[in-house]
Amino acid sequence: MFGTSRFEGHLRESSRELFSANRDVMSSADLLPTPNDVDVGDVDLFFRGIEEGLINLHPGGRFNTRDRPTADGRWGLLSRSKRGGWFNAEYLPQLAAYVEAILDLGYPPERVLFELPAVSLQLDLAILDDTGRVVVLGEAKRSTPALVTLALRAIERFGDAAPSDETKRRGDEQRQLAWRLWAVAPDFTWLIGPGHREAFVTGIDPLRLESLPRLPPAAELGLDHAPAEQLPPPRLA
């Protein structure tokens, strides 16, 4: 159900820890079944990230990546529910892409950002150049088929013009993706789902995505050198 017994064991222990700290809102320490796909390759990258110090675990399923860590873990693999711990499925493929970008494609962790804040348009993943410009925009979803539909419909609806301010509504993911692409104008877009990472050369005016076999390694883009310090989230809003 959760990819591997090791990963499921980690989530079960995290759910027990979450329950111990939240008995006022949780009536059970159970790990709830997930309807989402959990890819074994994503799980392997998750544990590689831990072993290489890119992901740091905290009690209750909390975790940090190398950028912007907090004392108790900035993000959570689990959410609280009355019946137990609920797996936040989107984070696993997102973490797998984060680890792959650094360990397999050679991008220094100082230029790879995970789950960016509102000032950075809440991008799921971003790889920056030395000036802080977003070269790679990563969009993650818990379902791979949803990714394909998302990209196609975003271009169909907003290929010729960016959504106006009035159309940046929550819940309309096609509008949100088109808005981010128009606003950021990345060189590459990385669509991320369970066991799926598809790269596109990206252009705007008109908005277009041209599929690539894989995201180019850092050396091909001249981004394999580490900045002097961790690059901060760019101000895009």
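Cut-offs used in this document
Residues numbered from 1 in each chain as written. Predicted model: local features only at pLDDT ≥ 70, side-chain atom pairs only at ≥ 80, totals over all residues. Heavy atoms only, no water. Core = buried A, V, L, I, M, F, W, Y, C linked by side-chain atoms within 4.5 Å. Buried < 20%, exposed > 50% of the residue type's maximum accessible area, 1.4 Å probe, protein only. Helix = DSSP H or I, 4+ residues; strand = E, 2+ residues; numbered from the N terminus. Pairing = 2+ DSSP bridges. Axes fitted to C-alpha atoms, helices over the stretch in contact; angles between N-to-C directions. Contact = heavy atoms within 4.5 Å. Parallel < 35°, antiparallel > 145°, perpendicular 65-115°, else oblique. Left-handed = near helix turned anticlockwise from the far one by under 90°. Nonpolar A, V, L, I, M, F, W, Y, C, P; charged D, E, K, R; others polar.

J.: Which residues make up the nonpolar core, and what values go with them?
T.: Note that soluble globular proteins tend to have their nonpolar side chains buried in a common cluster. Among the nonpolar cores identified, the biggest contains 45 residues, and F7, F87, Y107, W190 and L215 are the most heavily contacted of them. Contributing elements (two or more residues each) for this core: α1 (5–21), α2 (40–51), α3 (91–104), β6 (112–114), β7 (125–128), β8 (134–140) and β9 (188–193). Looking at this core, the element that brings in the most residues is α3, giving 9 residues. The next biggest cluster of nonpolar side chains, apart from the first, holds 23 residues, and it includes L150, F158, V184 and F200.

J.: Quick one: what's the story with unusual backbone geometry, residue by residue and with numbers?
T.: Here D205 and P206 are connected by a cis peptide whose omega angle stands at 5°. Here P206 lies in the loop between β10 (196–203) and β11 (208–212). Even without a glycine there, the phi angle at R68 is positive, about 55°. With a phi close to 55°, Q122 is a non-glycine residue in the positive phi region. Along the chain, the position of Q122 falls in the loop between β6 and β7.

J.: Just give me the short version of the sheet that holds strand β1 (residues 55–58), but keep the residues and values in it.
T.: Strand order in the open sheet formed by 3 strands is β1-β2-β3, with antiparallel pairing between adjacent strands. Two strands bound the open sheet, and with one partner strand each, they are β1 and β3 (75–76). Relative to β3, strand β2 (residues 62–65) runs antiparallel, the two being bridged by 2 bridges. Counterpart to F63 in the pairing with β3 is W75.

J.: Account for the sheet that holds β9, naming residues and giving values.
T.: Within the open sheet, the 6 strands sit side by side as β6-β7-β8-β9-β10-β11. Their pairing is mixed. Edge positions in the open sheet fall to β6 and β11, since each of these has one partner strand only. Within this sheet the neighbouring strands show an average axis-to-axis angle of 25°, counted without direction. Strand direction decides the pairing type here: β7 and β8, joined by 4 bridges, are antiparallel. Its bridge partner lying in β8, L125 is registered against G138. Lying on the sheet, helix α4 (residues 144–158) is in contact with β8, β9, β10 and β11; it crosses β9 at an angle near 145°.

J.: Tell me about the packing of α1 against α2, and please be specific about residues and values.
T.: Contact geometry for α1 and α2: axes closest at 10 Å, N-to-C directions at 65°. Between α1 and α2, the angle is such that the two are roughly perpendicular. The element α1 and its partner α2 pack so that their crossing is left-handed. Judged by residue contacts, R6, F7 and H10 of α1 engage V43, F46, F47 and E51 from α2. Across the contact of α1 with α2, the residue classes break down as 4 nonpolar, 1 polar and 2 charged.

Honestly, that's just the spatial picture; any functional story needs more than this.
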